[in-house]
Amino acid sequence: MQAQDSRGVDTALTSCASRVGDFKQSAAALLVKLEHEQHNWPSLLDNFTALSGHASTLLKQLRNEKTPPLQNLVILPLEIRNEPDKHLERITEGRVPVFHHEIIPDYLRTKLDLNLEQHNQSWAERSAAAIPASEAATRVQEHNSACDQLLNAVMNAKDDWVEASATLSASTRQDEAETAKLVSAMAPVPVPPTSIASRGKGAARGQSSVKADLKATASAAGHPYKR
């Protein structure tokens, strides 16, 4: 590996380690809040949002075109010993105090465990044998057809909603009959609907006329606290 590539890998690993540290702190704060504090949904949603933001930032860092392909690198143990390593224990926060031959296959494994790989392979073979290829193709086609129908229904509903909204905004919002009922119910003296309808032709003039009629009727009825 060239020196420039080595520096790029070191920079990418440092940045990823920082992103992982932020994610770990957010996850720890969320776990502490779930275990030791009373559930407060707005606060929990804030923690979930922060956790999701750190995860998205880490993924963007890994998918960035300037980040070297870390998956192509191979980690090899340079020293294996049974004595405790203080530095290793510190950087792993006490999880790996010793780096010996028993834990190396678990931490540096690049493939699944053989037993687990055989189990997954047998399960995949049984699943493939349970459903014939023709039936699987038919189910996939039915699923795609149902998705297309649902998408068309959603698009048609959206078009209808847009058209209805445009029609509603273009139509008048004033109902003279309902206005007459409302004013008659609020006024102490019944107001003839015809007078209200005739005043409803002009918006500003109609509102001032209704207020004048209400004041006149209130004065005629007398103030309830007038001495």
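Residues numbered from 1 in each chain as written. Predicted model: local features only at pLDDT ≥ 70, side-chain atom pairs only at ≥ 80, totals over all residues. Heavy atoms only, no water.

J.: I tried to follow the overall build of the chain on my own but got confused; where do I start?
T.: A tally of regular secondary structure across the chain gives 9 helices and 0 strands. Reading the chain from its N terminus to its C terminus gives the helix and strand order α-α-α-α-α-α-α-α-α. Sorting the 227 residues of the chain into buried and exposed places 15% on the buried side. Long-range pairs, those at least 24 residues apart, make up 43% of the contacts in the chain with a sequence separation of at least 6. Of the roughly 18,600 Å² that the chain leaves accessible, carbon and sulfur atoms contribute 58%. (Helix = DSSP H or I, 4+ residues; strand = E, 2+ residues; numbered from the N terminus. Buried < 20%, exposed > 50% of the residue type's maximum accessible area, 1.4 Å probe, protein only. Contact = heavy atoms within 4.5 Å. Areas by Shrake-Rupley, 256 points an atom, 1.4 Å probe, with all protein chains shown as cover.)

J.: How should I be thinking about the nonpolar core in this particular structure?
T.: Most often, soluble globular proteins have nonpolar side chains that are buried together. Grouped together as the largest cluster of nonpolar side chains are 5 residues: Leu-88, Val-96, Phe-99, Ile-103 and Ile-104. Residues in contact with Ile-104, not counting those within four places in the same chain, are Pro-77, Ile-80, Phe-99 and Arg-109. (Core = buried A, V, L, I, M, F, W, Y, C linked by side-chain atoms within 4.5 Å.)

J.: Help me understand the confidence of the model for the chain, please; the structure alone is not making it clear to me.
T.: Reading predicted coordinates in detail is not appropriate for stretches of low pLDDT. Confidence in the prediction of the chain, expressed as mean pLDDT, is 77, and 77% of residues score 70 or more. For the chain, helix α9 (residues 203-221) is the element with the lowest average pLDDT, namely 48, and helix α2 (residues 41-63) is the one with the highest, namely 88. Counted against residues more than four places away or in other chains, residues 214-221, with its pLDDT under 50, gives 5 contacts. Predicted confidence for residues 223-227 stays below pLDDT 50, and this span has 0 contacts to residues more than four positions away or in other chains. (pLDDT = per-residue confidence, 0-100.)

J.: Please clarify how the side chain of Lys-33 should be interpreted in this entry.
T.: Looking at the secondary structure, you find Lys-33 in helix α1 (residues 3-36). Residues within four places of Lys-33 in sequence aside, it is in contact with Ser-43, Leu-44 and Asn-47.

J.: Help me understand α2, please; the structure alone is not making it clear to me.
T.: For an α-helix, the turn length of 3.6 residues means that residues three or four places apart are oriented alike. The end-to-end C-alpha distance of α2, which contains 23 residues, comes to 32 Å, matching closely the 33 Å that a straight helix rising 1.5 Å per residue would cover. Among all positions in α2, only Ser-43, Leu-44, Asn-47, Leu-51, Leu-58 and Gln-61 are buried. (Expected span 1.5 Å × (residues − 1).)

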